[in-house]
Amino acid sequence: MEKNAKIYIAGHRGMVGSAIHRKLRALGFDNLLLRTSDKLDLRNQQAVADFFAAEQPEYVFLAAAKVGGILANNALRADFLYDNLAIQNNVVHQAYVHGVKKLLFLGSSCIYPKLAPQPIKEEYLLTGLLEPTNEPYAIAKIAGIKLCEAYHDQYGCNFISVMPTNLYGYHDNYHPEHSHVLPALLLRLHEAKAANQPTVTVWGSGKPMREFLFADDLADACVFLMGSYDDPQLVNVGTGEDLSIKELAYLIKSIVGYEGELVFDPSKPDGTPRKLMDVSKLQALGWHHTTSLEMGVRLVYEDFLASCSGQ
Ligand code: GFB
């Protein structure tokens, strides 16, 4: 991408989009096209068509999506399917209509079969049944991957798909029910420490294994792939390392400095037992993550404390 290229970041206020925004600004890209959802509803076909016709972006990072943790995915099944299909259909199609030079579509590790062999290679897509709690979201993201592939095959569009593992970072969602595990536990343990609560509840058995990537590392990988990867076959992005939810809970407990006990609640779903990405394809291309989980959680907690105290 040329430094003055017109680059549209769809979803620039979200955790991933804001990290891509920071990364591009830091690299000196200054012709960035941004729209908040109240100015441009990406589910609205005509609004997206009018926006592309007026602005003619050259590159698109498609980081806009309806996302959430295991309960949100399960409870808001229609919204997760409809909103994500609508957003990606509109943006990908208009990128084709208006001759966008390159588009990067962001998916998720939940596109892979629930019981995929570990670590998960890109070619395991569509080889088995999905995790039921997030099937609607996964189906939408699989459709997005196939849409990018199809526009490449039929029209020669340079549309690529990137599959990040579980993410955390700045501007995460701290909703008590709908957030992902890492921000949920950070908030719960922080509040329990402040209130001197003797116990904190962690959902599920604590046994599921998860891999976590700092969103700023993902943004770095996205900019790297935008500059160097032109194949419609998807690419996993992760660290290649995972830990149990129990280990994660104890790590956050120590960073927050909470001294009470953790109690596991088996009435809440565990979800997929393990989803560790095989990142050998990305590493062979020359990219590696730089932020360890402990460092990333410390950075996020510092940011959380700063925003709590209004700094
Ligand atoms: O982060 P999470 O909601 O995402 O849950 P998934 C991960 C694991 O942490 C599950 C457990 O086993 C949860 O039961 N967990 C423990 C908690 N305490 C909590 C808590 O307080 N909140 C939450 N949310 N979980 C999502 C998918 O699955 O991952 C999405 O539903 C997407 O589609 C996303 O792919 C990355 O990894 O289970």
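Just so it is clear, the structure is predicted and the values come from calculations on it, not from any experiment.

Draft legend 1. Structural context of the overall build of the chain. Counting its secondary structure elements, the chain contains 10 helices and 12 strands. Taking all 311 residues of the chain together, 53% fall into the buried category. Considering only residue pairs separated by 6 or more positions, the chain has 82% of its internal contacts joining residues 24 or more positions apart. Total accessible area computed for the chain in this model is approximately 13,500 Å², and 51% of it derives from carbon and sulfur atoms.

Draft legend 2. The arrangement of the side chain of D265 in detail. By the secondary structure assignment, D265 is in strand 12 (residues 261-265). On the accessibility criterion, D265 (18% relative accessible area) is buried. Ignoring sequence-local partners within four residues, the contact set of D265 consists of T201, V202, W203 and G204.

Draft legend 3. Fine view of helix 1 (residues 15-26). Between the first and last C-alpha of helix 1 there are 17 Å, a value that for 12 residues agrees with the 16 Å anticipated at 1.5 Å per step. Turning to helix 1, its buried residues number three or more, namely M15, V16, G17, S18, A19, I20, H21 and L24. Residues of helix 1 that are buried make contact with strand 1 (7-10), strand 2 (32-33), strand 3 (59-62), strand 4 (102-106), strand 6 (166-168) and helix 7 (215-228). G28, located one to two residues past helix 1, shows a positive phi value of around 95 degrees.

Draft legend 4. Molecular detail of the sheet that holds strand 10 (residues 235-237). Strands sit in the order 2-1-3-4-5-10 across an open sheet of six strands; the sheet is parallel. Every other strand in the sheet has two partners, leaving strand 2 and strand 10 as the edge strands with one partner each. Sheet topology places strand 3 next to strand 4; four bridges connect them, and they run parallel. In the strand pairing of strand 4, V60 is matched with L103. Across the face of the sheet, helix 4 (residues 77-97) comes into contact with strand 3, strand 4 and strand 5 (159-164) while running at roughly 170 degrees to strand 3.

Draft legend 5. Examining unusual backbone geometry more closely. Looking along the chain, the bond that leaves Q118 and enters P119 is cis, with omega of -10 degrees. Positionally, P119 belongs in the loop between strand 4 and helix 5 (135-155). One non-glycine residue, Q56, lies in positive phi territory at about 45 degrees. As for its placement among the helices and strands, Q56 is situated in the loop between helix 2 (45-55) and strand 3. Despite not being glycine, H171 shows a phi value in the positive range, around 60 degrees.

Draft legend 6. Region of interest: the environment of L27. For L27, the position within the fold is in the loop between helix 1 and strand 2. Exposure remark for L27: the relative accessible area of 36% places this residue in the partly exposed category. As a C-alpha pair, L27 and H98 span 71 residues in sequence and 26 Å in three-dimensional space. With near-sequence residues (within four places) excluded, L27 lies in contact with K3 and V223.

Draft legend 7. How the structure looks around the site of the ligand. Around the ligand, the structure places 22 residues, and the nearest of them are I70, R188, R210, P269 and D270. Note that an oxygen atom of the ligand is positioned 2.8 Å from one of the backbone N or O atoms of V181. In this structure, an oxygen atom belonging to the ligand sits 3.0 Å away from a side-chain N or O atom of K275. For the ligand, the protein covers 97% of the area, taking 700 Å² as the surface of the free molecule. Only helix 3 (70-75), helix 6 (181-194) and strand 7 (199-203) provide two or more residues apiece to the shell around the ligand. The dominant element in the shell around the ligand, judged by the number of residues it contributes, is helix 6, at three residues. Considered class by class, the residues forming the shell around the ligand number 10 nonpolar, eight polar and four charged.

What counts, and at which threshold
Note on numbering: residues in each chain are counted from 1, in written sequence order. pLDDT decides what is reported in this predicted model: residues at 70 or higher carry local features, side-chain atom pairs at 80 or more are listed and counted, and totals for whole chains, interfaces and linings draw on all residues regardless. Excluding hydrogens and water, the side-chain figures rest on all heavy atoms present in the structure. Helical segments are the DSSP runs of H or I of at least four residues, strand segments are the runs of E of at least two, and each set is numbered from the N terminus. When a residue's accessible area, from a 1.4 Å probe over protein chains only, is under 20% of the maximum for its type it is buried; when over 50% it is exposed; and in between it is partly exposed. Only heavy atoms enter the contact rule, under which two residues are in contact if any of them lie within 4.5 Å. With residues, only the protein chains shown are counted as cover, and all accessible areas are computed by Shrake-Rupley using a 1.4 Å probe. Given the number of residues in a helix, its expected span is that number minus one, multiplied by 1.5 Å. By definition, two strands form a pair when at least two bridges between them are found by DSSP. An axis is simply a line fitted to the C-alpha atoms; with a helix, the fit covers only the stretch in contact. Between two such axes, the angle follows the N-to-C directions and lies from 0 to 180 degrees. For this description, a residue counts as near a given molecule or strand if any of its non-hydrogen atoms is within 4 Å of it. Under this definition, polar contacts are N or O atom pairs within 3.5 Å; protein pairs additionally need one hydrogen-donor-capable and one acceptor-capable atom, and for neighbouring residues in sequence, both atoms have to be side-chain atoms. Each residue is assigned to one of three groups, with Ala, Val, Leu, Ile, Met, Phe, Trp, Tyr, Cys and Pro labelled nonpolar, Asp, Glu, Lys and Arg labelled charged, and all others, Gly among them, labelled polar.

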